[in-house]
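Fold and geometry: a report
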Amino acid sequence: MKKCGHKKLTKRRSFQIFRVFSDAFMGSCVSQRIFKFLLCLLMSLESGRQMKGYTMMVFASLLLCLSLGFICSSKLVPVSQYVGTVLVCLLGVACLRGEATYFLLSFQKKLRCYDFDFSHWPLDFSWTEVSSPKLSKAGVSLLRPEPRLRGAADSVLHSVRTLPCHIISFVIAHTFGRRMLYPGSVGLLQKAMRPMLQQGQAKLIEEFDGQRNKLVACDGNEIDTMFVDRRRDGGQNGQTLVICCEGNAGFYEVGCMNTPLEGGYSVLGWNHPGFGGSTGVPFPQNEANAMDVVIQFAVHKLGFSLSDIVIYAWSIGGFTASWAVMSYPEIQSLVLDASFDDLLPLALKVMPDSWRPLVQHTVRQYMNLNNAAQVLKYQGPVLLIRRTRDEIITTTGPEDIMSNRGNDLLLKLLQFRYPKIMTDEGIRVVRQWLGASSPLEEASVYSGYEVDDDWCVSVLQSYQADRDVSFPWSVGEDMTLEGRRQLALFLARKYMRNFEATHCTPLPAIEFHPPWRL
């Protein structure tokens, strides 16, 4: 039915065009004929689009005009004048448009050198510009805690009994809980730090030729970023992009971004939702959404491949960093500085014991920063940097180095990747090494077990060459107790480096190393 109707419409349109052509050629005025000819030509082009015969209709119209004597040598000159005038006008418009575009781009580049209200800055990149298979209706996917299995009746009864706890948890998480976890999102703190942030931003732009960009994540939040390109400097490090994830009161203007910059790397920094020029609130889902659009921007706009990207995080930034390597396993490597395995033990440390069930529910439901669980999904190189006098991620105090949650992150990673090595004896010797109070004592523990680095490397390389499998490995299964001890200490030393400092001390560039590769 539709095809028949289309044919009838085409025939009727062709007949109308023929009538207009006939009327046009009956006139005596040349200008009238020219005007009507152009009108006929436009109608024929429109008809050609509908019939999908654009070229055929143009030639048919020209042949018709020639056969009727409309186009001849005496009348060709005025027609060419009209056509030439139109072409000159179109060329002028194209030139003006190109000049305006160039002017706007130049003006925008110069405007980046000044401080301004970032909310009025135009959009530079949006997640809608690329198709991301990881996006769901509520945003990118996160690891969720496994639900407890209950019967239907028990489940309903449990839901009724825990309803007040759910309501209180929601209120806590969305009021003071979120602000305690991310104090950098508090407007009063940002106002107090504004001069420092402006100074840091000016330094990045003036000294490092930084480029500020606005990205839009899948939840609609605008993410404030800063990119420093070192690829043209000619150094090897400049070909690698380090994406920095800041702490709970850190901003790219004054945060860990300076460490890889001093090392000559290309660097991309970004602010958490609700920090600086970024909008939104820093809940885990929004954090992961922001991290996703930052990676998409680095790949599709800046031109880096995932294998050229290193994720570097400080403190609570370990959550988005571990999510990134879990979701994009092609990323080159991961460096976690002063980070932890799980938020819950640290939250229980600062809250009253009587609140324990409420804290557990609130963290798992609304602030589940499960760094270790996400890191275990990644197969690439990992480096953990432990602050030996860390006062933030310890559950007792900075003097008790064994309460540093970075230790638990290392143990969980090694136990997952090398389960046959990290038996009870392997865990014991690694804990002994972690408990060393000084570099001298640490070296004494290492040498006390007579660890042969060359032998350890050869064993691991031989296993990798024979099997070429992903983690977990079964290396050490048929090995002596002494051999497993050596491998456990060797791997612990390769996966973790100590830095003699407190939690908030900036990491020197000399301490920023690529993770160990076998």
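Residues numbered from 1 in each chain as written. Predicted model: local features only at pLDDT ≥ 70, side-chain atom pairs only at ≥ 80, totals over all residues. Heavy atoms only, no water.

1. So, the overall build of the chain
- Each helix and strand in the chain was counted, giving 18 helices and 11 strands.
- Taken over 518 residues, the chain has a buried fraction of 45%.
- Just so you have it, the chain exposes about 27100 Å², and 59% of that area is on carbon and sulfur atoms. (Helix = DSSP H or I, 4+ residues; strand = E, 2+ residues; numbered from the N terminus. Buried < 20%, exposed > 50% of the residue type's maximum accessible area, 1.4 Å probe, protein only. Areas by Shrake-Rupley, 256 points an atom, 1.4 Å probe, with all protein chains shown as cover.)

2. Remarks on the state of the cysteines
- Using the criterion set out here, one finds 0 disulfides in the structure.
- Looking at Cys245, it has no disulfide partner, and the nearest cysteine sulfur is the one in Cys244, 7.5 Å off.
- Free of any disulfide, Cys256 has its nearest neighbouring cysteine sulfur in Cys244, separated by 4.5 Å. (Disulfide = S-S within 2.5 Å.)

3. Some details on a nonpolar patch on the surface
- On the surface, a cluster of nonpolar side chains totalling about 370 Å² of accessible area is made up of Leu163, Ile167, Phe170 and Val171.
- As for its position among the elements, Phe170 is in helix α6 (residues 163-181). (Patch = residues over 30% accessible without salt bridge, like charges linked within 9 Å, V, L, I, M, F, W, Y side chains within 5 Å. Salt bridge = Lys/Arg side-chain N within 4 Å of Asp/Glu carboxyl O.)

4. Examining the sheet that holds strand β4 (residues 211-216)
- Taking strand neighbours across the sheet as the criterion, the 9 strands line up as β1-β4-β5-β7-β6-β8-β9-β10-β11 in an open arrangement whose pairing is mixed. The outermost strands of the open sheet, each flanked by one partner alone, are β1 (125-126) and β11 (496-499).
- In terms of strand pairing, strand β9 (residues 333-337) meets strand β10 (residues 382-387) through 4 bridges, oriented parallel. Across the sheet, the residue bridging to Asp337 is Ile385, located in β10. (Pairing = 2+ DSSP bridges.)

5. A word on the packing of aromatic side chains
- Inspection of every chain in the model, using the stated rule, returns 15 aromatic pairs.
- Between Phe471 and Trp473, the aromatic rings sit 5.0 Å apart at their centres with planes inclined by 25°, giving stacked as the arrangement.
- Residue Phe471 is classed as buried on the basis of its relative accessible area of 13%.
- Using a relative accessible area of 5% as the deciding quantity, one classes Trp473 as buried.
- Chaining the aromatic ring pairs together yields one cluster made of Tyr418, Tyr463, Phe471, Trp473, Phe490, Tyr495 and Trp516.
- Over the aromatic face of Tyr446 sits the side chain of Arg493, whose NZ or CZ is 4.1 Å from the ring centroid. (Phe/Tyr/Trp six-rings, centres within 6.5 Å; stacked < 30°, edge-to-face > 60°. Lys NZ or Arg CZ within 6 Å of the ring centre and 35° of its normal.)

6. Examining empty space enclosed by the protein
- Per the stated rule, a full pass over the model turns up 1 cavity of 30 Å³ or more.
- There is about 50 Å³ of room inside the largest cavity.
- Going through the elements one at a time, β10 and α14 (405-417) are the ones with two or more residues in the lining of the largest cavity.
- Ranked by residues supplied to the lining of the largest cavity, first place goes to β10 with 4 residues.
- Broken down by class, the residue content of the lining of the largest cavity amounts to 7 nonpolar, 3 polar and 2 charged. (1 Å grid on protein atoms, 1.4 Å probe; cavity = no way out; pocket = protein on both sides within 12 Å on 5 of 7 lines; lining within 4 Å. Points joined across faces, edges and corners; volume = space filled by probe spheres on them. Nonpolar A, V, L, I, M, F, W, Y, C, P; charged D, E, K, R; others polar.)

7. Thoughts on the confidence of the model for the chain
- Here the chain averages 84 in pLDDT, and 76% of its residues register 70 or above.
- Within the model, the stretch residues 1-15 combines pLDDT values under 50 with 8 contacts to residues more than four positions away or in other chains.
- Confidence drops under a pLDDT of 50 for residues 17-28, and excluding neighbours within four residues, the segment shows 18 contacts in the predicted structure. (pLDDT = per-residue confidence, 0-100. Contact = heavy atoms within 4.5 Å.)

8. Considering the environment of Val293
- Here Val293 shows up in helix α9 (residues 284-300).
- Its relative accessible area of 1% is what places Val293 among the buried residues.
- Spatially, the C-alpha atom of Val293 lies 7.3 Å from that of Ser126, the residues being 167 residues apart in sequence.
- Here Val293 is in contact with Phe125, Trp127, Leu215, Val216, Ala217 and Ile223, once residues within four sequence places are set aside.

9. Re the packing of helix α15 (residues 424-434) against helix α18 (residues 481-495)
- Axis separation between α15 and α18 bottoms out at 9 Å; the angle between their running directions is 45°. Accordingly, the angle class assigned to the pair α15 and α18 is oblique. Here the hand of the crossing between α15 and α18 comes out right-handed. Side by side, α15 and α18 meet where Glu425, Gly426, Arg428, Val429, Val430 and Trp433 of the first sit next to Leu481, Arg485, Ala488, Leu489, Ala492 and Arg493 of the second.
- A class-by-class count of the residues in the contact of α15 with α18 yields 7 nonpolar, 1 polar and 4 charged. (Axes fitted to C-alpha atoms, helices over the stretch in contact; angles between N-to-C directions. Parallel < 35°, antiparallel > 145°, perpendicular 65-115°, else oblique. Left-handed = near helix turned anticlockwise from the far one by under 90°.)

10. Side note on the pairing of strand β6 (residues 241-245)
- Within β6, 5 of the 5 residues are buried, which leaves the element mostly enclosed by the surrounding structure.
- With burial as the criterion, each face of β6 is covered, one bearing Leu241, Ile243 and Cys245 and the other bearing Val242 and Cys244.
- Relative to strand β7 (residues 266-270), β6 runs parallel, the two sharing 4 bridges. Following the sheet pairing, Val242 is matched in β7 by Val267.
- Alignment of β6 against strand β8 (residues 309-314), held across 5 bridges, turns out to be parallel. Bridging from a neighbouring strand, Val242 pairs with Val310 of β8.

11. So, helix α17 (residues 453-467)
- A rise of 1.5 Å per residue sets the reference length of α17, with its 15 residues, at 21 Å; its end C-alpha atoms lie 22 Å apart and thus fit the reference within 8%.
- Every buried residue of α17 is listed here: Cys456, Val459, Leu460 and Tyr463. End-on, the buried residues of α17 take up no more than an arc of 90°, which puts them together on one face. α17 presents Asp454, Ala465 and Asp466 as exposed residues on the side facing more than 90 degrees away from its buried surface.
- Phi turns positive one or two residues past the end of α17, at Asp468, with a value near 50°. (Expected span 1.5 Å × (residues − 1). Arc of directions from axis to C-beta.)

12. Here we look at the packing of α17 against α18
- Look at α17 against α18: their axes get within 10 Å of each other, and the N-to-C directions meet at 95°. Taken together, the axes of α17 and α18 are roughly perpendicular relative to one another. Contacts between α17 and α18 involve Asp453, Trp455, Cys456, Val457, Val459 and Leu460 from the first element and Gly483, Gln486, Leu487, Phe490 and Leu491 from the second.
- Along the lines of polarity and charge, the residues of the contact of α17 with α18 split into 8 nonpolar, 2 polar and 1 charged.

13. A word on helix α10 (residues 318-327)
- Burial within α10 is extensive, with 10 of its 10 residues counted as buried.
- Residues of α10 that are buried include every one of Gly318, Phe319, Thr320, Ala321, Ser322, Trp323, Ala324, Val325, Met326 and Ser327, and no others.

14. Thoughts on the side chain of Thr362
- Note on placement: Thr362 falls in helix α12 (residues 356-366).
- Engagement of the side chain of Thr362 in a polar contact is seen with the backbone oxygen of Leu358, the distance being 2.8 Å.
- Other than its neighbours up to four places away in sequence, Thr362 contacts Ser169, Ile172, Ala173 and Met367. (Polar contact = N/O pair within 3.5 Å; in protein donor to acceptor, adjacent residues only side chain to side chain.)

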